[in-house]
Structures are given as structure tokens and as C-alpha cells.
Amino acid sequence: MAVTDTLKRSAKVVRSAAWLGWQLESNWADPAIFAIITIIRPLASLLIIIFMFRFALGASASADLLNFFFIGNTVYLFVYNVLFGISQVIFEDREHYEVIKYIYISPVNWYLYFIGRGFARLIIAGVSCVVSIVAGLIFLPLKFNMTAAAVPVFAFSFLLGIVSIFFMGIIMCALTLVMARHGNMMSESISGIFFILCGIIYPISALPVWLQKISTAIPISYWLEISRRLILNTDQTIDAAWHGVSTADLVYRLGFSTAVLFAFSVVFFYYMSMLARAKGIIDRTTSY
Amino acid sequence: MRIIGVNREPSWLIFELFFPLLPICAFAFVYKSMNAPTDYLGFVILGGAMTAIWMNVLWGMAAQFFWERESGNLTLYMLCPMSTMAVLIGMAFGSAFSTFFRVIITFLIGKFLFGVTLHVASYFWLFVTFILTIAAVFSLGMMMASFFLIYGRDAWNILTVFMEPVFFMSGFYFPVKTLGYPLGALASLIPITLGLDSMRQLAFALGPETAFLPVKTEVAILVVLTVVYLAGAKYLLNKLEYLGRREGRLTLRWQ
Amino acid sequence: MAIAIKTNDLSRTFSDDGEKKGGLFWALRDVNIEIPDGMIFGLLGPNGAGKTTLIKILSTLLLPSAGEALVAGYNVDNEYDKIRPVINMVSGGENCGYGILTVAENLWMFTQFYGIPTKPAMKRIKELLEIMNLTEKADTKINKLSTGMRQKMNFIRGFVTDPKILFLDEPTLGLDVNAARETRKFVMNWVKTAEEPKTVILTTHYMQEADEMCDRLAIIDHGKILAEDTPRSLKKQESGGISYNITVGYKDFDAEGLRKIPGVASFAHSVLDEQGMIEMVFILQTDAALAKIIEKINSDGFSINNIQKTEFTLEDAFIKLVGRRLSNGESDAR
């Protein structure tokens, strides 16, 4: 009974926070303009890479390379959006709306509240993803060869991937609790770490060896490789870093690294929120 | 004030210097993974350095009125007997401190991580195009800042949303010639497009092969853009400040 | 009667500007208070006295550096999850909600964080909006509200969760006279008529507000509790004298000389207007000292505009304890 109550309460927190996040994300403009804007950004980032390929390789750009990049770029939409969404919450609540102390002293589970706030951006990422796929199908020689048998594995790894980004978002949130506001810079930039490390637009094997080691510890890297293999229906992609590792093994690694990330995010979030409370900076504002 | 503020929060070093360099490195790795010539990596490095300046103008100057309004300072600025344009330029120079470091570090990364080397055809014209690009970009930034006098979160979001399209259109990571002439001409309205194209032509051995327009033509267009945007900024700042005051939006906060 | 709040040698330090030298600023020092259930408890003190720090610790926003604080019987250090469901807080003079949400939406959202089902939450919101005369603004976005209206909404947010213990930090700041009066009445009524005991911890700059509302008061300065009692007892305890208000056009007066006049128990002053009109408050041991004060002022070549013998007020008690007026930190006294 107590467990059911806790679950119900948690669901309520996530739901209200998601509602709030959506209101804040979507309420500022006409819905039509909002929709257009949701489309423009992913299209532009897709076009940047396409034109880089066109410039460097001309007509010789292989379908494998384009598919590799396209899947990475599409998955990155989720990474970027969710991380951006969650990491902005502290700044918004603390500096912009000045409500953070009222939320902090409420019995709300802060961890769940931030998860909830990230949902609005997940929806936006979903829309952007659809737009990106449609654009890709029109302009690029994309192959979608996923077999029916691969769908459950794909769905499971996709879910794990999304969950892992939420945990990373919480870690970023915990960091921002003890930091001053850095405008848009921080959220824009921090997802760049994953952009560079996880083989989003180039194979991990293009990185120096020491960076490859870091890459292969991040759940997003596994998620991307699994998605690429299942969508393209192949046992290995052009990324030599994963040659010799089976898809099943990648799924296990994704599951394990996500679990570790979850444990770390809980501990780190708790530690940083207590640090902010000890320092008395939960409700401070950056006045420059 | 901005320099002092930035220095009192040491975490800026990570967020203002280190993290913005990551996407630049990522785009350089794209070319590397395609075994492209080193000059292509140089194109990205130069694009990345100019990104720092563009972002400074966008967030350090244009959008600064958004934060000033939220913190209640905008009203104080408006009450002071000083030019709004002077305030904006001051703000941009305030954050130029971190921008300068970022540009330097970008070039160092280019040199030492990716082995990029410069082959400068003319230092004089390189300097002229750089200065003109900065002047035109600042003028455009001031024009954009005027919109923050009456719009809040919506203007902020539009600015965020147009970041990638501007990166794409201006050829931050590939020569604008690749877009073709009609799109390239449209992109030339953003001063950084022609500035980048000229500087690539002047600083890299493979630059002239990827030229969109001759350097001197691009310089002439940059001069025109500077004058037009400066006049536009003056007109819009006055006009929108008046509108903001009439509609009471200068003090509308927490949007 | 159960205890709502209890502190034992509660202290809080912050690193000051001399952080590099290991300098510490004592925001609270060995604070011991005990507040029973069902009363309005006031904290009076000048700016920087430690009132907000104390409220922040009790409301689980800040950890103490030393000592112990119990709220509703739970320790703020490690039992904050048991404290939070029974408390709420209202701070005056600041933003308090999401500007692009309406008044009703903002309030509803906060009720959700307290796990209140929507139906009773909306009913309660409606009632409180009516009481605070804000019903017609229920569907207005709060960035379109005046400062006073926003403060009213913030006030409702504090009550909408029906807390057992409510912290009010300058709650009437920004409200007009009528709204402030209504607000005070509402708080007193809320405490008196509640089925379960309700406790309010109030900080205010308005002496009359404290006098009118509080069952007990603590006077705090430099992080220390200087006195704690009912307003009536405080006035009585500290009223070892007669209070006079003297208004003079007397900018560069000889404060030291006035203070040294025999029979002056306490003296504070504040600037009344731009012309340099000064209001002096004297607490005298006997009426006889008044003649000497008048003589001194006249001999310095200044004229007295007004002299008024006043009832010994809470402010007089405050001046006697703290050494300066609450509303004006530049005055001095002994």
C-alpha cells in the first residue's frame, strides 16, 4: 500500500513538473511558430554535416558513411535536447523565476521534479527526430533495413539510452546547483562533450586512443552503435572501435553503464544539493 | 562590470573557454575521419574562432538586454543620460575578454592538436577583413539588441533557434561556395559569411580554390553592410525604446 | 502544549570577504528559542541581524554550522523530509512564480508538489483568492500583475498547502495599507480559528505589525537573541523610563553631548526629511532630564519644532536593547 502511494505521488510530481516544463517551453509563442522553430534547428544541424560531406568528398560520399552520420545526428537530438532542458531548470527556477526556494522546501522529490522538467524537451526532441528522418529520407540515400526481430532490442536500447541521458541531465543539474549562471553557454556547450566523445558524427576510431577509452565508458556510445547496427541490419559499422564486440554484448554494456550512471546520479545529486544547502546558495542569484 | 563579474566566478573558465571548443574539435574530427586535407581542418578552426565572436555578440550583447530587464537594470540604463549604443558596445567589450582567450585557444588547438598551418597571402587584407567583419557583426548585434527592448523570452528563443541555421548558412564549418550562389548571396547578409570566406582565402593555401567572391568585392560588401546595420541599429534602438516605453514593456519581467 | 520549534545553541557562520584569511561572519550565534504550537512568534531585528538566516535554517533551506534546530520535533539536519510536508514560507518583496503561468496555474502547481489532489486544491485556491480579493485575476498571467498583487498571490501560495508551521519573512512588503491590514487580520484569524494548532514565525520591519500580531517576540541583533517575551512584557521590562520624541532642524548635532546628559537612559535619532529635520527619541530616567536636553539644544543654537511625550512603545524597547531604530540603521544610542 505504502509502495503504491509512493509510486502514485512520484508519478504526480513527474506529471506536474512535465506539465510545467511544457508550459514554459511552449507557452511563449504562437503554436505554429513554435512548431516551425522545432523543425528549423535539427534541419540546420543536419544540413551542416551534409554540406561538410559534400564539400570534402563530393559525389564520392558513401552511403555507409552518410547512414552512419545520419543515425548519430538523429540520436544526438535527444541527447542535446534533454540535457539542455534539465540543466536549464536550476537557472530558470533560481535566477529567472526565483521560485527555487519554495520548491526546495516543499516535500517534492527534487530528483523526480527535474526528471519531469526534462520531459518537455524529450517531446521536442521526438518531433525534431521525425522531421530529421523525413528530411533524411528525401535528401539522403538512407537505408532502413531493421528486421522485425530486432525491433524489441532496438526499443529496449532506445529506452535505456533515453533514461541514461536523463541521469546525465541530473548530474548536470547537480553541478549547476553550486554554480553561477553562465547564460546559454553552459547548456549549449556541455552536450558538446558527448558530441565529441560518443561518435555522433564520426567513428570513435577517429579519436586519439586515450579519448576512445573514455568514449567506450559512456552509455550513449553503446546506444548509438546498437541503433546503427539494428537499423542498418549489420553486425558491424564503419566504426572500428566496436569491431569484435557483439550487439548483445553492447546491450549488456549499455544496461550496466546506465545502472552505474543512475547510482552515481543519485549520490552525486544528493551530495551537491546538501553542499548547496550547507553553503546557503540554494536560492542565490548571479547578479552580473 | 562584466569583467569583474566574470573574474569573481572562476567556473566561467570551464564554461566560457573549454566547453565551446568541443563542437569545434568535433567538426575537425569529421574532416579527419574523411582523411580530408589539413586546410579543411583549418577552415573549421577559423570558423570556430569566428563562432566565439559571433556568440559573444549574440549573447554578450544582443541578448544582454534580456537579462538586464529581468534583473531590473534595464530601467536604470534607460534613465541614465547615455547612449544605448555605447552601453551595448561596452557590454560586448566586457565579454570580449573571454572571447579573446577562446579565439587564441581555438587557434592553439588547431595548431597543436590538428596540425593546422597558415599560409597568409596578405596580412594587410587579412587585418582589414577581420576588422570590417567585427564592425559589421557588432552593428548587426546592436540591431538585434533593440528587439529585446520590447520582446523577452520569445526574442531569446528565436535567437537560440537561429544559431544552427546561421552556422549552416554562414559556412562556419565549410566554405559558403558549397551552398551555391543563390543561397550564398542570401547568407552574405550575415556579415560573418563574407568575412570568413575572405579570411579563408587569405590565410590558407587551399582557400582561393573555395572562394565565393573575390576578397576585394567581399570587403566592399562588408563596408556597405556595416553602414547599413549601424544606421538600422540607431533607428531601431530609438524606435523600439519608444515603443517599449509606450507599451510599458521595458519593465515587463519574468516572461 | 507541544513545541513547534526549538533551537539549542544554534549557530551559523559564513565566509566573509576575508575568506582567504579564514575570516568568518557569524550570522547566528548560540541561538536558543522555544516556540510552542499555536502562536505567532515574531523576530525583530535590523538588517543583517540574522532573522532571514534563522528562517532559512528552520525552513530547511540552509544547514546550521553548529547547534541543533528542531521543527515539528524533527531535526533540520537529517529529518528535513519529515519537516517539509508540514511547513511553508512566504518572503516579501521578490518574485514568486512562473511569469507565463496564470495565478491559478501557479498556485495549483505548488499544491501538486505537496501531493494535494486537484479538486480540494482548486477549492482551497478559490477560497483564498476570494479572501485576498484576487478572484478576478485568477486567470491572469503573473507577469501582468502589479507588485502588490503578486505579493498577494505569494501569500496565498503559503497558505494553500495548509501548513502546520508557516514562515513569513516580511510578508507585507509591497502591499498597500489596506491590503497589509487585511493580510494581518487573515493571519491572526488563521492561527486562532484553526482546528489543529498553527504556528507562524514572522519577521517584519513594521514595529506596529509585530506589536499587533505577535504572541511572543524575540529581538535579534548581530546573530544573537537579545530578549524574548510577549510584546507587553518586553515593553514593561524595558520601560525603565519615560519616552520623548523631539523634532529639530538640527543636522550636525552633538550626539555625544546629548547622550551624556544625566538622566538620559537611551537615545536614538533618524533623519525625517531632506531639509535635515531630525527626529530624536529619548528614554529618560526622570522628567527632569528633559529640561537639560532642551537647554543643550537651544545653547547649540537650534530650535525645537516639536516635543511629544509618548507611551513606551515596542520600538522604544527595541532601541533600548539594540541601540538603534529598526527602520533606520544610521542612528545610534546607548
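Residues numbered from 1 in each chain as written. Chains lettered and ligands numbered in written order. Predicted model: local features only at pLDDT ≥ 70, side-chain atom pairs only at ≥ 80, totals over all residues. Heavy atoms only, no water.

Q: When you look at the overall build of chain A in this model, what are you seeing that I'm missing?
A: The number of helices and strands found in chain A is ten helices and zero strands. In terms of overall dimensions, chain A is globule-like: its C-alpha atoms have a radius of gyration of 20 Å, near the 19 Å expected for 288 residues. Across its three principal directions, the C-alpha atoms of chain A cover 60 × 40 × 40 Å. Every one of the 288 residues in chain A was classed for burial, and the buried ones make up 63%. Taking the contacts inside chain A whose residues are at least 6 apart along the sequence as the reference set, 79% of them involve residues at least 24 apart. Element-wise, carbon and sulfur atoms account for 70% of the exposed surface of chain A, whose accessible area totals about 10,500 Å². Of the charged side chains in chain A, 19 are positive and 14 negative; the average position of the first set lies 4 Å away from that of the second. (Helix = DSSP H or I, 4+ residues; strand = E, 2+ residues; numbered from the N terminus. Rg over C-alpha atoms; globule rule 2.2 N^0.38 Å. Buried < 20%, exposed > 50% of the residue type's maximum accessible area, 1.4 Å probe, protein only. Contact = heavy atoms within 4.5 Å. Areas by Shrake-Rupley, 256 points an atom, 1.4 Å probe, with all protein chains shown as cover. Lys, Arg positive; Asp, Glu negative; His and termini not counted. Charge placed at Lys NZ, Arg CZ, Asp CG, Glu CD.)

Q: What am I meant to see in the UniProt feature "transmembrane region" (unreviewed entry) in chain A here?
A: Residue and element names in this part refer to chain A. This chain's UniProt record puts "transmembrane region" (unreviewed entry) on residues 32–53, 65–87, 122–142, 154–178, 190–211 and 250–271. Along residues 65–87 the backbone is 100% helical and 0% strand, and the end-to-end C-alpha distance reaches 32 Å. End-to-end, the C-alpha atoms of residues 250–271 are 31 Å apart, and along that stretch the chain is 100% helix and 0% strand. (UniProt positions renumbered as here; feature names shortened; annotations may be inferred.)

Q: Can you help me understand the interface of chain A and chain C in this one?
A: For an interface, size is often stated in terms of accessible area lost upon the parts coming together. Every contact between the two is made by 31 residues of chain A and, on the other side, 39 residues of chain C. Summed over both partners, the interface of chain A with chain C comes to about 3,100 Å²; 61% of that surface belongs to carbon and sulfur atoms. Summed over the three residues of chain A that lose the most area to chain C, namely Tyr102(A), Ile105(A) and Arg277(A), the buried surface amounts to 26% of that side. Across the chain A-chain C interface, the total number found is one salt bridge. The salt bridge partner of Asp283(A) is Lys56(C), with a shortest N-O separation of 3.3 Å. Seen at the junction of chain A and chain C, the total is 13 residue pairs in polar contact (both at pLDDT 80 or more). Within the residue set of the side of chain A that touches chain C, elements represented by two or more residues are α1 (2–26), α3 (63–96), α4 (100–104), α5 (110–139) and α10 (247–279) of chain A. Looking at which element gives the most residues to the side of chain A that touches chain C, the answer is α1(A), with seven residues. Split into classes, the residues belonging to the side of chain A that touches chain C amount to 16 nonpolar, six polar and nine charged. (Buried area = accessible area lost by both parts, 1.4 Å probe. Salt bridge = Lys/Arg side-chain N within 4 Å of Asp/Glu carboxyl O. Polar contact = N/O pair within 3.5 Å; in protein donor to acceptor, adjacent residues only side chain to side chain. Nonpolar A, V, L, I, M, F, W, Y, C, P; charged D, E, K, R; others polar.)

Q: For this particular structure, what's the right way to read the environment of Gly48(C)?
A: Structurally, Gly48(C) is set in the loop between β4 (40–44) and α1 (51–58). Measuring from C-alpha to C-alpha, the distance between Gly48(C) and Ser59(C) comes to 18 Å, with eleven residues separating the pair along the chain.

Q: Sorry, what's going on with the side chain of Ser227(A) here?
A: Residues and elements named next belong to chain A. Tracing the backbone through its elements, the reader meets Ser-227 in helix α9 (residues 219–232). With relative accessibility at 1%, the residue Ser-227 sits in the buried group. Setting aside chain neighbours within four positions, we find Ser-227 in contact with Ile-71, Val-75 and Phe-154.

Q: Looking at this model, I keep getting lost on α10(A). Mind explaining?
A: Owing to its 3.6 residues per turn, the α-helix aligns residues three or four sequence positions apart on the same side. With 33 residues, α10(A) should reach 48 Å at 1.5 Å per residue; the first-to-last C-alpha distance of 46 Å fits that figure. Where α10(A) terminates, the next one or two residues include Gly280(A), which has phi positive at roughly 75 degrees. (Expected span 1.5 Å × (residues − 1).)

Q: Where do I start with the sheet that holds strand β9 (residues 199–203) of chain C in this structure?
A: Across a sheet, paired strands are connected by hydrogen bonds in the backbone, their directions being either parallel or antiparallel. Residue and element names in this part refer to chain C. The mixed open sheet is built from six strands, whose spatial order is β7-β8-β9-β4-β10-β11. Here the strands that pair on one side only, and so sit at the sheet edges, are β7 (87–91) and β11 (224–229). Adjacent strand axes in the sheet meet at a mean angle of 15 degrees, parallel and antiparallel pairs treated alike. The sheet contact formed by β4 and β9 spans four bridges and is parallel. (Pairing = 2+ DSSP bridges. Axes fitted to C-alpha atoms, helices over the stretch in contact; angles between N-to-C directions.)

Q: Is there a simple way to think about the side chain of Ser11(C) in this case?
A: Topologically, Ser11(C) is positioned in strand β1 (residues 3–15). Once residues within four sequence positions are removed from consideration, Ser11(C) is found in contact with Trp26(C), Leu28(C), Arg29(C), Asp30(C), Pro64(C), Ser65(C) and Ala66(C).

Q: Help me out: how do you make sense of the sheet that holds strand β15 (residues 304–310) of chain C in this one?
A: All names here are of chain C. The antiparallel open sheet is built from four strands, whose spatial order is β13-β14-β12-β15. Each end of this open sheet is capped by a strand with a single partner; those strands are β13 (264–271) and β15. Recorded for the sheet is a direction-independent mean angle of 15 degrees between the axes of neighbouring strands. Across eight bridges, strand β12 (residues 242–249) lies against strand β14 (residues 277–284) in antiparallel orientation. Within β14, the residue paired with Ser-243 across the bridge is Ile-283.

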